[in-house]
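Structural features, examined
Here is what each chain is made of, one letter per residue.
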Amino acid sequence: MAEPYLTPENLTEHEIEIRRSRFICALAPAGSEEEARAFVATRKGLYADATHNCSAYVVGGDQGARRADDDGEPGGTAGTPMLETLLRRGMGDVVAVVTRYFGGVKLGAGGLVRAYGSAVGKTLDLAPLAEMVPARTVTVTVDHVRAGRLENDLRASPYEVREVGYGAEVSFLVAVRERDLAAFPDWVATLTSGDAKVEPGEAVHLRA
């Protein structure tokens, strides 16, 4: 069963200094791997003169894509502790980049692990977060006569209308939180006098 997770509301940056090395962490929402990779590329371009730009991201929730990159630091000392911090804090749809400017003092493997993990953790402490809860897409199909009222009521409801398709009938792709799934078909039936067809789709997450 899918679990809730937390995701950042917006970009948050925070800098720490450890033995004269600067660690600048940027944390941002990422709804896809493409968004995450684009954010990493942007940060690398912004700090092209840095010693390292290490990154980690989690797209989706507990079953989502996970990636970590040490960007030249010793294997497992940068991206991995960053990723572990994100997962330990229950994060999803998130990307983190930690930019390091070397200060002349080597930290050792243990010191690097603590530094990169701490940079992400302290930034998470400052970041505004939103809770995402398990949901499912549902396709509702109805005739044109009833479609107008149904669309108005859907858009005024807690349910999220993602797509509307017009053909011989009108179909609505709606995201419904798991807690509302059992009641949703009856709600639609009441609005359409039982004339709508309701078909469950894929698992997604929505804001709580």
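Overview of the structure. Note that this is a predicted model, so its numbers are computed, not measured.

So, the state of the cysteines
Overall, the coordinates contain 0 disulfides when judged by the stated rule. As a non-bridged cysteine, Cys 25 has Cys 54 as the owner of its nearest cysteine sulfur, 11 Å distant. Looking at Cys 54, the relative accessible area reads 0%, which means it is buried.

Examining the environment of Arg 114
Mapped onto the elements of the fold, Arg 114 is located in helix α3 (residues 108-126). Taking the relative accessible area as the measure of exposure, Arg 114 reaches 60% and is therefore exposed. As for Arg 114 and Arg 89, which are separated by 25 residues in sequence, their C-alpha atoms are 16 Å apart.

Points about the nonpolar core
Generally speaking, nonpolar side chains in soluble globular proteins are found buried as a group. Counting residues in hydrophobic clusters, the biggest one holds 23 residues, and the most contacted among them are Phe 23, Leu 27, Met 82, Leu 86, Val 98, Tyr 116 and Val 120. Elements with a contribution of two residues or more to this core: β3 (21-29), β4 (52-59), α2 (79-88), β6 (94-101) and α3. The leading source of residues in this core is α3, at 6 residues. Contact partners of Val 98, with chain neighbours within four places excluded, come to Phe 23, Ile 24, Cys 25, His 52, Asn 53, Cys 54, Met 82, Tyr 116, Ala 119 and Val 120.

Cut-offs applied
- Residues numbered from 1 in each chain as written.
- Predicted model: local features only at pLDDT ≥ 70, side-chain atom pairs only at ≥ 80, totals over all residues.
- Heavy atoms only, no water.
- Disulfide = S-S within 2.5 Å.
- Buried < 20%, exposed > 50% of the residue type's maximum accessible area, 1.4 Å probe, protein only.
- Helix = DSSP H or I, 4+ residues; strand = E, 2+ residues; numbered from the N terminus.
- Core = buried A, V, L, I, M, F, W, Y, C linked by side-chain atoms within 4.5 Å.
- Contact = heavy atoms within 4.5 Å.

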